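# Topology and contacts: notes
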Amino acid sequence: MTYGFIGAGNMATAMMKGLLHANVDPADIYVSSPHRAKSLAEELHINAADSQTVIDHSDIVVLAFLPNQLTEIGATLNFTNKIVVSVLAQITIADLNQAIPNAFNVRALPNINSAIGQGNTALAFADNIDAAQNKIVTHFWQLLGNSVTLEEEQFAIFSAIAGSGPAYVFKFIDALTKAGVANGLEETQAASIATQTVLGSASTLNQSDSDAVTLMNSVASPGGSTRAGLDNFEANQFDDVVAKAILATVNHKHA
Ligand SMILES: NC(=O)C1=CN([C@@H]2O[C@H](COP(=O)(O)OP(=O)(O)OC[C@H]3O[C@@H](n4cnc5c(N)ncnc54)[C@H](OP(=O)(O)O)[C@@H]3O)[C@@H](O)[C@H]2O)C=CC1
Ligand SMILES: O=C(O)[C@@H]1CCC=N1
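Residues numbered from 1 in each chain as written. Chains lettered and ligands numbered in written order. Predicted model: local features only at pLDDT ≥ 70, side-chain atom pairs only at ≥ 80, totals over all residues. Heavy atoms only, no water.

Operational definition: UniProt positions are given in the numbering used here, feature names are shortened, and annotations may be inferred rather than shown by experiment.
Per an unreviewed UniProt entry, the protein carries the name Pyrroline-5-carboxylate reductase and comes from Leuconostoc pseudomesenteroides. Taken verbatim from the UniProt record of the protein, the Sequence similarities (unreviewed entry) comment is "Belongs to the pyrroline-5-carboxylate reductase family."

So this is what it looks like as structure tokens:
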């Protein structure tokens, strides 16, 4: 199986690193982009080429440029009979079928954790995709982590929580780090403590039969310091802050 990437930015790099993490042969990965592709290909020992060559050499073509570039790029390249997987946020199957007719189009919404095989990706398939093609695409995403088929109406909220979500988790880790520094820790030490705490907590929740609130309460000893902190989160309407940020994410329209 050969994999082509049109675009060599943050998300494309995460997916290509994820394939390599899953032991895909670097010789089977192709990438094109105006600036970054060549140096990235040298770094990852994969192939850089012009976009049409990438398409022609690939069994699966992944679109990983910005959403507002679809019409122009779609009009200049020939994707006939290719399986085309777009990760362009907010671009629907109908948009893809219009911009890239004569292809087998798939809409995907991944996240950057794909780079280490810990991705979480939503998928929607055009009507002309058959079972064998569905299997090829699903297998590709399984190499990069978890994937789920989702109604297109739910892509916006999936994108906010799973696609943008890593940024919000990193923001929380940064806030914990800053609080650690403000209270006397050295910065790299504070960052390491905060990161390990988030990593361990997510794993504990993932391996537990409990939900997040039950585990939260299990940390808060009666009359203890955690309850004081949780009360402060509550007084500052932490849930509301998060809900508003997610709503802003969902409602944002790409230029
Ligand atoms: N970042 C993320 O976590 C996620 C991103 N996405 C989606 O992924 C897509 C890319 O986002 P992201 O990686 O963050 O953005 P970046 O800005 O990092 O990457 C955009 C890439 O598009 C390339 N590009 C520009 N013009 C062309 C062209 N004509 N032909 C080929 N490539 C071109 C750029 O090339 P060059 O670098 O050479 O200038 C660049 O590598 C977006 O559509 C976004 O919605 C979806 C889910 C998560
Ligand atoms: O910020 C963005 O538009 C993309 C979509 C999800 C994550 N990054």
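### Let's talk about the UniProt feature "domain: Pyrroline-5-carboxylate reductase dimerisation" (unreviewed entry) in the protein
Heads up, the condition is: Runs of E in the DSSP output that reach at least two residues are strands. Runs of H or I that reach at least four are helices, and both are numbered from the N terminus.
Here, the residues flagged by UniProt with the feature "domain: Pyrroline-5-carboxylate reductase dimerisation" (unreviewed entry) are residues 152-252. Annotation note: span residues 152-252, helix share 79%, strand share 0%, distance between end C-alpha atoms 16 Å.

### Overview of the packing of aromatic side chains
Working definition: an aromatic ring pair is given by the centre-to-centre distance plus the angle between the planes. Filter applied, for reference: Between the rings of Phe, Tyr and Trp (Trp by its six-membered ring), a pair exists once the centres lie within 6.5 Å; its type follows the angle of the planes, with under 30 degrees stacked, over 60 edge-to-face, and the other angles tilted. The rule is simple: take the accessible area with a 1.4 Å probe, protein chains only, and divide by the maximum for that residue type; under 20% is buried, over 50% is exposed, in between is partly exposed.
Here the structure, examined in full by the defined rule, presents four aromatic pairs. Considering the side-chain rings of Phe172 and Phe238, the 6.4 Å spacing of their centres and the 55 degrees angle between planes classify their relative orientation as tilted. Here Phe238 lies in helix 12 (residues 238-251) and Phe172 lies in helix 8 (residues 165-182), a separation of 66 residues in the sequence. Phe238 gets classed as partly exposed once you look at its relative accessible area, which sits at 35%. Linked through ring pairs, Tyr3, Phe140 and Trp141 together constitute an aromatic cluster.

### A word on the layout of surface pockets
To keep it simple, the criterion reads: Using only the protein atoms, space was sampled on a 1 Å grid; points where a 1.4 Å probe fits but cannot get out form cavities, open sets with protein on both sides within 12 Å along at least five of seven lines form pockets, and lining residues are those with an atom within 4 Å of a point. Grid points are joined across faces, edges and corners, and a volume is the space filled by probe spheres set on the points.
A volume near 2700 Å³ is recorded for the largest pocket. Lining of the largest pocket is provided by 49 residues; of these, Val169, Phe172, Val198, Ser201 and Ala202 occupy positions nearest its centre. Among the secondary structure elements, those contributing two or more residues to the lining of the largest pocket are helix 7 (155-163), helix 8, helix 9 (187-206), helix 10 (212-219), helix 11 (225-235) and helix 12. It is helix 9 that provides the largest number of residues to the lining of the largest pocket, a total of twelve residues.

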